[in-house]
Amino acid sequence: MTSPLIPPAEVAAYGSLPSPAAHTEEELSALLALLAAPRMRIATVVVGHSRGAASRSSAAAFAEAWRETGRQPVLAMVDWPEAAASWLRAARRFTAEEPDAWVVAAAPVGWAQMSRRLRHSTGWDPARTFGFAALGDSRVPALAGPATLHGMRGATADGGTWAIDRGWVTQQLPAHRPPVPHGTL
């Protein structure tokens, strides 16, 4: 069995990926709308985040907004470092509750590493995973491997959405719609 870790030279080849920025209200609303779409039937979520301030803040804001929609509480909040020996402990905590969906607020390189560990060692499904804007960067699935994040979706800072399909990130512009109040989904 080969290690799922991304070799340092491969990470370096992609250059410096930006750190996550503070989330926007449009981004949070779009993320909530993705999870609340009628066809999704999502009741339970686990939120994961890297340890940077913006990721922690985004994860906490999502958990609060999710609660305000009247949904079940977030089953677990799991964090992980940007650099680790394997990410196995965090991956097991992230998948232990078997939620309907996972929500991720993380830095790109740490998420690429974590997602590789998830695919290698757990029953995690990227098609049931939703992320904040920082993860909608085409270098993230390139680093993780094209099949690793296939089906993952998320929100852009301006309220649009993104999706990963066969290693490509596609973005959809925000719909011209009134914002969804957090307590009315």
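Rules behind the numbers
Residues numbered from 1 in each chain as written. Predicted model: local features only at pLDDT ≥ 70, side-chain atom pairs only at ≥ 80, totals over all residues. Heavy atoms only, no water. Axes fitted to C-alpha atoms, helices over the stretch in contact; angles between N-to-C directions. Helix = DSSP H or I, 4+ residues; strand = E, 2+ residues; numbered from the N terminus. Parallel < 35°, antiparallel > 145°, perpendicular 65-115°, else oblique. Left-handed = near helix turned anticlockwise from the far one by under 90°. Contact = heavy atoms within 4.5 Å. Nonpolar A, V, L, I, M, F, W, Y, C, P; charged D, E, K, R; others polar. Pairing = 2+ DSSP bridges. Core = buried A, V, L, I, M, F, W, Y, C linked by side-chain atoms within 4.5 Å. Buried < 20%, exposed > 50% of the residue type's maximum accessible area, 1.4 Å probe, protein only.

1. A word on the packing of helix 2 (residues 25–36) against helix 3 (residues 53–68)
- Here helix 2 crosses helix 3 at 55°, and the two axes come no closer than 11 Å. Between helix 2 and helix 3, the angle is such that the two are oblique. Crossing angle aside, the handedness with which helix 2 passes helix 3 is right-handed. For the pair helix 2 and helix 3, contact is made by Leu28, Leu31, Leu32 and Leu35 and by Ala61, Phe62, Ala65 and Trp66, respectively.
- Tallied by class, the residues present in the contact of helix 2 with helix 3 amount to eight nonpolar, no polar and no charged.

2. Quick notes on the pairing of strand 7 (residues 168–172)
- In this structure, strand 6 (residues 161–165) lies alongside strand 7, joined through five bridges in antiparallel fashion. Its bridge partner being in strand 7, Ala163 is matched across the sheet by Thr170.
- If you look at the hairpin formed by strand 6 and strand 7, you'll find two residues sitting between the two strands, and Arg166 has a positive phi there, around 50°.

3. Some points on the nonpolar core
- The biggest cluster of nonpolar side chains holds 29 residues, and the ones touching the most others in it are Trp80, Phe94, Val104, Trp111, Met114, Leu149 and Met152.
- Taken together, the elements giving at least two residues each to this core come down to strand 2 (76–80), helix 4 (88–95), strand 3 (101–105), helix 5 (108–121), helix 6 (139–144) and strand 6.
- Ranked by residues supplied to this core, first place goes to helix 5 with five residues.
- Setting aside anything within four residues of it in sequence, one finds Met114 in contact with Trp80, Trp87, Ala90, Ala91 and Phe94.
- Core analysis: the next-biggest nonpolar cluster, separate from the first, contains 21 residues, Leu31, Leu35, Ala37 and Ala65 among them.

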